[in-house]
Amino acid sequence: MSSLSSHVLDLVSGRPAAGMEIVLWSGEVCLFRGRTNDDGRCPDLAGAGELSPGAYRLEFAVAAYFRAQGVALSDPPFLDVVPIAFGIAAPGPDGKGGHYHVPLLVSPYGFSTYRGS
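The structure presented is a predicted model; accordingly, all values stated were derived computationally and were not measured. (Residues numbered from 1 in each chain as written. Predicted model: local features only at pLDDT ≥ 70, side-chain atom pairs only at ≥ 80, totals over all residues. Heavy atoms only, no water.)

Colleague: Tell me about the UniProt feature "binding site: substrate" (unreviewed entry) in the chain, residues and numbers included.
Modeller: As annotated in UniProt, the feature "binding site: substrate" (unreviewed entry) corresponds to His7, Arg41 and Tyr114 in the numbering used here. Position of Arg41 relative to the elements: it lies in the loop between β4 (29–35) and β5 (54–61). A relative accessible area of 35% places Arg41 in the partly exposed class. Every residue in contact with Arg41, bar those within four places of it in the chain, is listed here: Ser6, His7, Arg35, Thr36 and His101. Here Tyr114 lies in the segment after β8 (110–113). What makes Tyr114 partly exposed here is its relative accessible area of 48%. Those residues within four positions of Tyr114 in sequence are excluded, and the remaining contacts are His101, Val102, Pro103 and Leu105. (UniProt positions renumbered as here; feature names shortened; annotations may be inferred. Helix = DSSP H or I, 4+ residues; strand = E, 2+ residues; numbered from the N terminus. Buried < 20%, exposed > 50% of the residue type's maximum accessible area, 1.4 Å probe, protein only. Contact = heavy atoms within 4.5 Å.)

See below:
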């Protein structure tokens, strides 16, 4: 079993993205829905519990966040909801699961992610 965390950074302001909605999916099943805190993190995401090996998707409500920050966006926005599809592998030879950290660096017109620690 593995754990999951995320961190969202607003590249427009250069600050953590506080108040962005994040949704975690396993297929069509919603495992978690919450918002980032003042540090751009979502500690409640740990409430999704230990995750089994498989395919998952985090969805970040980018357009709603930037509109709330007063950023003018096109209609429709270039980025609305940013989905990050990722996999959690089976535990290693020691039988222990790993921790997966999925950060998002985002602006209204682009984003980047990676497997963090």
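Colleague: Provide a residue-level description of the packing of aromatic side chains, including the pertinent values.
Modeller: A full pass over the atoms with the stated rule returns 3 aromatic pairs. Arranged with centres 5.0 Å apart and planes meeting at 75°, the rings of Tyr65 and Phe66 form a pair that is edge-to-face. Taken individually, Tyr65 and Phe66 each receive the classification buried, so the pair is uniform in this respect. Between the NZ or CZ atom of Arg115 and the centre of the ring of Tyr100, over which it lies, the distance is 3.8 Å. (Phe/Tyr/Trp six-rings, centres within 6.5 Å; stacked < 30°, edge-to-face > 60°. Lys NZ or Arg CZ within 6 Å of the ring centre and 35° of its normal.)

Colleague: Any details on the pairing of β5? Residues and values, ideally.
Modeller: Pairing of strand β3 (residues 21–26) with β5, which is carried by 4 bridges, proceeds in the antiparallel orientation. What sits directly across from Leu24, in β5, is Leu58. Sheet analysis places β5 next to strand β6 (residues 81–88), joined by 8 bridges and oriented antiparallel. The partner of Gly54 across the bridge, within β6, is Ile88. (Pairing = 2+ DSSP bridges.)

Colleague: If you had to explain unusual backbone geometry to someone new, which residues and values would you point to?
Modeller: The peptide bond linking Asp75 to Pro76 adopts the cis configuration, its omega dihedral lying at 5°. With respect to the secondary-structure elements, Pro76 resides in the loop between α1 (62–68) and β6.

Colleague: Run through the sheet that holds strand β7 (residues 99–107), naming residues and quoting values.
Modeller: The strand order across the open sheet built from 4 strands is β2-β1-β7-β8, with neighbouring strands paired in mixed fashion. Looking at strand neighbours, the two that pair on one side only are β2 (15–16) and β8, the edges of this open sheet. Bridging between strand β1 (residues 3–10) and β2 involves 2 bridges; their strand directions are antiparallel. Bridge assignment links Leu9 to a residue of β2, and that residue is Pro16.

Colleague: If you had to explain the environment of Leu73 to someone new, which residues and values would you point to?
Modeller: Topologically, Leu73 is positioned in the loop between α1 and β6. Residue class for Leu73 comes out partly exposed when judged on its relative accessible area of 21%. A C-alpha to C-alpha distance of 9.6 Å links Leu73 and Tyr109, two positions 36 residues apart in sequence.

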